[in-house]
Amino acid sequence: MQSPIRYFTDSGPIANTDFFHNFGESSYHKPSWIYTYLDERLDVRITIIYPRIFADDTLEDLLNEKVYETFFHGRNKVENFAPEKEMYCSIDITHKVTRKDEQFLSLLIYEYSSYRRAAHPADSYTALTLSLETGKALTLRDIVGEDCTMEQLLSSDAFHFMWLWQEDSEEEWMQHIRDQYDESDLDAFNDCFYLTEDSLGLIVYWNDYTCIEAKFTDLGLDEWITAPQEDK
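Below is a summary of the structure that appears in this document. (Residues numbered from 1 in each chain as written. Predicted model: local features only at pLDDT ≥ 70, side-chain atom pairs only at ≥ 80, totals over all residues. Heavy atoms only, no water.)

What to know about the overall build of the protein
Inference 1: Within the protein, the secondary structure is distributed over six helices and 10 strands.
Inference 2: Nonlocal contacts in the protein, meaning residues at least 24 apart in sequence, comprise 53% of its contacts between residues at least 6 apart.
Inference 3: Of the roughly 13,800 Å² of accessible surface on the protein, 49% is carried by carbon and sulfur atoms. (Helix = DSSP H or I, 4+ residues; strand = E, 2+ residues; numbered from the N terminus. Contact = heavy atoms within 4.5 Å. Areas by Shrake-Rupley, 256 points an atom, 1.4 Å probe, with all protein chains shown as cover.)

Structural data, given as structure tokens:
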């Protein structure tokens, strides 16, 4: 009886340091690393595009370590995510730089995955905001203050939706978000907020992921967000 041929050669990732440019609204270029893993026998294809930060020698390793942890071991990953242990799936992770200046690097991270036996593909958003002055990954409390609550943030009427998935009005959607998140702890949003040049963004979920943004001026944060590190 004939039997299928079995291959026992190791299959491994290919890590590239290819650079590409971010076009569109951004006026600067950002170097990115592209991590790829392909195993045709187990039907695995993984692509992760993440930024490479060039900074002062004392901060560069720290900043890039935080970026790597977020993209490879973030909220949607098991503690020891290992591409070589995945089977029958396709995973794509990419990002958008929402703010980059002398103080902050803020990233909105998108992941799309499809597993063979899953009922449907899945997608999700996370975020990471780094202080380029200290190397610290910022929390939402660092931005809005220790005494602020999600209820106060969401009741400010400062936020607006970046996109809507259903026919409900923005007012109806915002009420859904308030009902869902008013009692949430700020720490639950540590990987679900981002900064733009003039706004604070939050990743929220109501039947699907979307983002809401509010101007710093409308939240009373405009002076803090532009203040030197020693004044914060």
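Picking up where we left off.
Considerations on the environment of Asp198
Inference 1: Tracing the sequence through the fold places Asp198 in the loop between strand E8 (193–195) and strand E9 (199–205).
Inference 2: For Asp198, a relative accessible area of 35% puts it in the partly exposed group.
Inference 3: When the C-alpha positions of Asp198 and Ala214 are compared, they lie 8.4 Å apart, and in sequence the two are 16 residues distant.
Inference 4: Among all residues touching Asp198, those that are not within four sequence positions of it are Ala214, Lys215 and Phe216.
Inference 5: Here the side chain of Asp198 touches Ser199 through a polar contact of 3.0 Å, side chain to side chain. (Buried < 20%, exposed > 50% of the residue type's maximum accessible area, 1.4 Å probe, protein only. Polar contact = N/O pair within 3.5 Å; in protein donor to acceptor, adjacent residues only side chain to side chain.)

Some details on the nonpolar core
Inference 1: Of all hydrophobic cores here, the largest spans 37 residues; its most connected members are Leu140, Ile143, Val144, Leu153, Phe159, Leu200 and Leu202.
Inference 2: Excluding residues that lie within four positions of it along the chain, Val144 makes contacts with Leu153, Leu186, Leu200 and Leu221.
Inference 3: Membership of the second largest hydrophobic core comes to 22 residues, among which are Leu63, Val97, Leu105 and Leu128. (Core = buried A, V, L, I, M, F, W, Y, C linked by side-chain atoms within 4.5 Å.)

Here we look at the pattern of salt bridges
Inference 1: The tally for this structure, following the rule as stated, stands at 11 salt bridges.
Inference 2: Asp43 is paired through a salt bridge with Arg116; the nearest N and O atoms lie 3.3 Å apart. Residue Asp43 is found in the loop between strand E2 (32–39) and strand E3 (44–51), and its partner Arg116 is found in the loop between strand E5 (104–115) and strand E6 (122–131); the two are separated by 73 residues along the sequence.
Inference 3: Among the charged side chains, a network of salt bridges with common partners joins Arg141, Glu146, Asp185 and Asp187. (Salt bridge = Lys/Arg side-chain N within 4 Å of Asp/Glu carboxyl O.)

Examining the environment of Phe216
Inference 1: Looking at the secondary structure, you find Phe216 in helix H5 (residues 216–219).
Inference 2: Measuring from C-alpha to C-alpha, the distance between Phe216 and Gly201 comes to 10.0 Å, with 15 residues separating the pair along the chain.
Inference 3: Sequence-distant contacts of Phe216, defined by excluding residues within four places in its chain, comprise Arg99, Leu195, Thr196, Glu197, Asp198, Ser199, Leu200, Leu221, Asp222 and Ile225.

Let's talk about helix H4 (residues 170–181)
Inference 1: In this model, H4 (12 residues) spans 16 Å end to end at C-alpha, consistent with the 16 Å of a helix rising 1.5 Å per residue.
Inference 2: Three or more residues of H4 are buried, namely Trp173, Met174, Ile177, Arg178 and Tyr181. For H4, the angular spread of buried residues about the axis comes to 140°, placing them on one side. Opposite the buried face of H4, at more than 90 degrees from it, the exposed residues are Glu171 and Asp179.
Inference 3: The elements touched by buried residues of H4 are helix H3 (150–154), strand E7 (160–161), E9 and strand E10 (209–215). (Expected span 1.5 Å × (residues − 1). Arc of directions from axis to C-beta.)

Brief notes about the pairing of E2
Inference 1: As defined by bridge partners, E2 adjoins E3 across eight bridges and the pair is classed as antiparallel. Looking across to E3, one finds that Leu38 is bridged to Arg45.
Inference 2: Counting the residues that bridge the hairpin from E2 to E3 gives four residues, and of these Asp43 lies at a positive phi of roughly 55°. (Pairing = 2+ DSSP bridges.)

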